[in-house]
Amino acid sequence: MCDSLKVDQKGRLKIPMTLLTRLKGPGAEFYVTSNDGNSVRIYPTRVWNEMEGQLERLCLHSTSAQKLLARVKYFGRAVTMDKQGRVLIPIILRNSAQMKGAVDALDYVNYLEVWNHSRLMKNLMSSPITAQDERTLNEVFSAPRSSWTAEWNNLEGHFHGNERRLGVDRRMHGNSRSQLSQAVRGARTDPAERARVA
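Please read these numbers as outputs of a predicted model, since none were measured by experiment.

A. Region of the structure containing the pairing of strand E4 (residues 40–44). Within E4, five of the five residues are buried, which leaves it mostly tucked inside the rest of the structure. Where burial is concerned, the two faces of E4 agree: the one with Val40, Ile42 and Pro44 and the one with Arg41 and Tyr43 are both buried. Across four bridges, strand E3 (residues 29–33) lies against E4 in antiparallel orientation. Bridge pairing in E4 links Thr33 to Arg41.

B. Structural context of the nonpolar core. One finds Val40 and Ile42 to be the most contacted residues of the largest nonpolar core, which totals 23 residues. Those residues in contact with Val40 that lie beyond four places of it in its chain are Val32, Thr33, Ile89, Leu93, Ala97, Met99, Leu112, Glu113 and Val114. In this structure, Tyr31, Tyr43, Val47 and Ala65 belong to the second largest nonpolar core, which totals ten residues.

C. Seen up close, the pattern of salt bridges. With the rule as written, the count across this model stands at five salt bridges. For the salt bridge of Arg41 with Glu113, the shortest nitrogen-to-oxygen distance reads 3.9 Å. Taken as a pair, Arg41 in strand E4 and Glu113 in strand E8 (residues 112–116) lie far apart in primary sequence, 72 residues in all. No difference in accessibility class separates Arg41 from Glu113, as the two residues are buried. With its nearest N and O atoms 2.7 Å apart, the salt bridge here joins Asp82 to Arg86.

D. Inspection of the confidence of the model for the protein at higher detail. Here the protein averages 77 in pLDDT, while 68% of its residues score no lower than 70. Low pLDDT, under 50, characterises residues 155–198; the predicted model gives this stretch 83 contacts beyond four residues in sequence or across chains.

E. Region of interest: the packing of aromatic side chains. Using the criterion set out here, one finds five aromatic pairs in the structure. Their ring planes at 70° and their centres at 5.0 Å tell us that Tyr74 and Phe75 sit as a pair that is edge-to-face. Residue Tyr74 is classed as exposed on the basis of its relative accessible area of 52%. On the numbers, 5.0 Å between centres and 25° between planes, the contact of Tyr108 with Tyr111 is stacked. Grouping aromatic residues by their ring pairs yields a cluster made of Tyr31, Tyr43, Trp48, Tyr108 and Tyr111.

F. Region of interest: the packing of helix H2 (residues 45–59) against helix H3 (residues 63–75). Viewed as axis vectors pointing N to C, H2 and H3 meet at an angle of 140°, and their least axial separation amounts to 8 Å. Taken together, the axis directions place H2 and H3 in an arrangement best described as oblique. Between H2 and H3 lies a crossing of left-handed hand. Contacts from Trp48, Glu52, Leu55, Glu56, Leu58 and Cys59 of H2 reach H3 at Ala65, Gln66, Leu68, Leu69, Val72 and Lys73.

G. Spotlight on the pairing of strand E7 (residues 101–107). Extensive coverage of E7 is indicated by the burial of six of its seven residues. Alignment of strand E1 (residues 6–7) against E7, held across two bridges, turns out to be antiparallel. Considered in E7, the bridge of Val7 is made with Gly101. Counting the residues between successive antiparallel strands, the hairpin from E7 to E8 contains four residues.

Here is what the cut-offs are and how they apply
- Residues numbered from 1 in each chain as written.
- Predicted model: local features only at pLDDT ≥ 70, side-chain atom pairs only at ≥ 80, totals over all residues.
- Heavy atoms only, no water.
- Buried < 20%, exposed > 50% of the residue type's maximum accessible area, 1.4 Å probe, protein only.
- Helix = DSSP H or I, 4+ residues; strand = E, 2+ residues; numbered from the N terminus.
- Pairing = 2+ DSSP bridges.
- Core = buried A, V, L, I, M, F, W, Y, C linked by side-chain atoms within 4.5 Å.
- Contact = heavy atoms within 4.5 Å.
- Salt bridge = Lys/Arg side-chain N within 4 Å of Asp/Glu carboxyl O.
- pLDDT = per-residue confidence, 0-100.
- Phe/Tyr/Trp six-rings, centres within 6.5 Å; stacked < 30°, edge-to-face > 60°.
- Axes fitted to C-alpha atoms, helices over the stretch in contact; angles between N-to-C directions.
- Parallel < 35°, antiparallel > 145°, perpendicular 65-115°, else oblique.
- Left-handed = near helix turned anticlockwise from the far one by under 90°.

Right under this line is the structure:
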């Protein structure tokens, strides 16, 4: 985890090397966008191109896909990472998602989702994991293995047996560490991992 993740005064986010290695792949081109303007998603261009093609095909039959495509195109911009490993957050997203200063980056398989720290904490605390959520997760993780679960099992840091890990890079201050571990209660099933975070 990074102790300090920031968007600088010019709106650039330096992506930590631990996240960049898997995210980047060949090239330094990214598509920076959002579903709703509350957070920022950073996709490698090759991943975004595939997603955009799928969304455009779905738009022929789905008004939901049309709405989503309109939003991600409204907020989205193609960017090139500079030599220092920084990605420029478009000004529209800097404003709507409050992208300045300390931020948190949630590490997913094909993209990063970046949040203003206090906004993420507020979002997590206002939407705790419910008993129904836990039942759904248990069903997903105990389902018979399929080809996609086998593929995800091979991705380091995402699935190991029945354990689900959510990568979060954030700055630590005050009691945010304990707040975050409470907010994601139930997301980690490994006792050793829970003890490390608590």
